[in-house]
Amino acid sequence: MTVRFRPLDPLKDAELLHAWVTHPKAAFWMMQDATLEDVVHEYTAFAAHPHHEAFIGLVDGTPAILMERYDPAHLELVGLYDPQPGDVGMHFLVAPTDTPVHGFTRKVITAVMAELFADPATARVVVEPDVSNKAVHALNEAVGFVPEREIQKPEKKALLSFCTREQFEAAVGAAV
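Just so we're clear, the structure is a prediction, and the values are computed from it rather than from any experiment.

Attention shifts here to the overall build of the protein chain. Helix and strand counts for the protein chain come out as five helices and seven strands. Starting at the N terminus and walking to the C terminus, you meet the elements of the protein chain as β-α-α-β-β-β-α-β-α-β-β-α. For the protein chain, whose C-alpha radius of gyration is 15 Å, the value lies close to the compact-globule estimate of 16 Å for 176 residues. Each principal axis of the C-alpha distribution contributes one length, and for the protein chain these read about 40 × 35 × 30 Å. Evaluated residue by residue, the protein chain yields a buried proportion of 45% over its 176 residues. Intrachain contacts of the protein chain at a sequence separation of at least 6 include 60% that bridge at least 24 residues.

Laid out in structure tokens, this is it:
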């Protein structure tokens, strides 16, 4: 499986994203009722923000992943923890499918983490998934994340977790 990432284009990718973020399996993305225009607006704002980037992940050439990278000192986690130099916030979403492949999502999160750590400035990845999203907690643990504590965000109760480069390499058995 080959994974590569390209910058998300809010206009060209809008229909694809809309189908992904409104799918029932994307409930934790909190965009279930979003219109196509809502998706364009949201991702156009992200594209214009200096501390947020969004990418489409292509698996063997087919769009299958939405990855967001953000600076937690400026977005999402401001005032909820003490950011360190090299901290990078991350969200990811795997495109819904009618034919799930066992182990696919674990390969995806491994590719997402490898992409983030490919930047030498990234020292630690920070995530804040919903506390009730047990599936993503297991995936996070599989790639080296260590939960720190529950935090209350405006939209959800979240599990603040961190993964250093060393923890990732130890979890997946490879140097990045």
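We now examine the pattern of salt bridges. For the structure on display, the rule yields ten salt bridges. Linking Arg69 and Asp119 is a salt bridge whose minimum nitrogen-to-oxygen distance equals 3.0 Å. With Arg69 in strand S3 (residues 62–70) and Asp119 in the loop between helix H3 (104–117) and strand S5 (124–127), this pair connects stretches of sequence that are 50 residues apart. Of the residues examined, Arg69 reaches a relative accessible area of 18% and is grouped as buried. The class for Asp119 is partly exposed, based on a relative accessible area of 26%. A single salt-bridge network, built from bridges that share partners, covers Glu76, Glu128, Lys153, Glu155 and Lys156.

Strand order in this open sheet of seven strands is S1-S2-S3-S4-S5-S7-S6, and the pairing throughout is mixed. Each having just a single partner strand, strand S1 (3–7) and strand S6 (146–152) make up the two edges of the open sheet. For this sheet, the mean inter-axis angle between neighbouring strands, taken without regard to orientation, is 30°. Bridge analysis of strand S2 (residues 52–59) against S3 gives eight bridges, and the strand direction is antiparallel. Bridged to Gly57 within S3 is Ile65. Running at roughly 85° to S3, helix H1 (residues 14–21) makes contact with S2, S3 and strand S4 (87–94) of the sheet.

A word on the packing of H1 against helix H2 (residues 36–48). In the contact formed by H1 and H2, the axes pass within 9 Å of each other and the chain directions differ by 105°. Of the possible angle classes, the one that applies to H1 and H2 is roughly perpendicular. Where H1 abuts H2, its residues Ala14, Glu15, Leu17, His18 and Val21 lie against Leu36, Val39, Val40 and Tyr43. For the contact of H1 with H2, a count of residues per class yields seven nonpolar, one polar and one charged.

Cut-offs applied
- Residues numbered from 1 in each chain as written.
- Predicted model: local features only at pLDDT ≥ 70, side-chain atom pairs only at ≥ 80, totals over all residues.
- Heavy atoms only, no water.
- Helix = DSSP H or I, 4+ residues; strand = E, 2+ residues; numbered from the N terminus.
- Rg over C-alpha atoms; globule rule 2.2 N^0.38 Å.
- Buried < 20%, exposed > 50% of the residue type's maximum accessible area, 1.4 Å probe, protein only.
- Contact = heavy atoms within 4.5 Å.
- Salt bridge = Lys/Arg side-chain N within 4 Å of Asp/Glu carboxyl O.
- Pairing = 2+ DSSP bridges.
- Axes fitted to C-alpha atoms, helices over the stretch in contact; angles between N-to-C directions.
- Parallel < 35°, antiparallel > 145°, perpendicular 65-115°, else oblique.
- Nonpolar A, V, L, I, M, F, W, Y, C, P; charged D, E, K, R; others polar.

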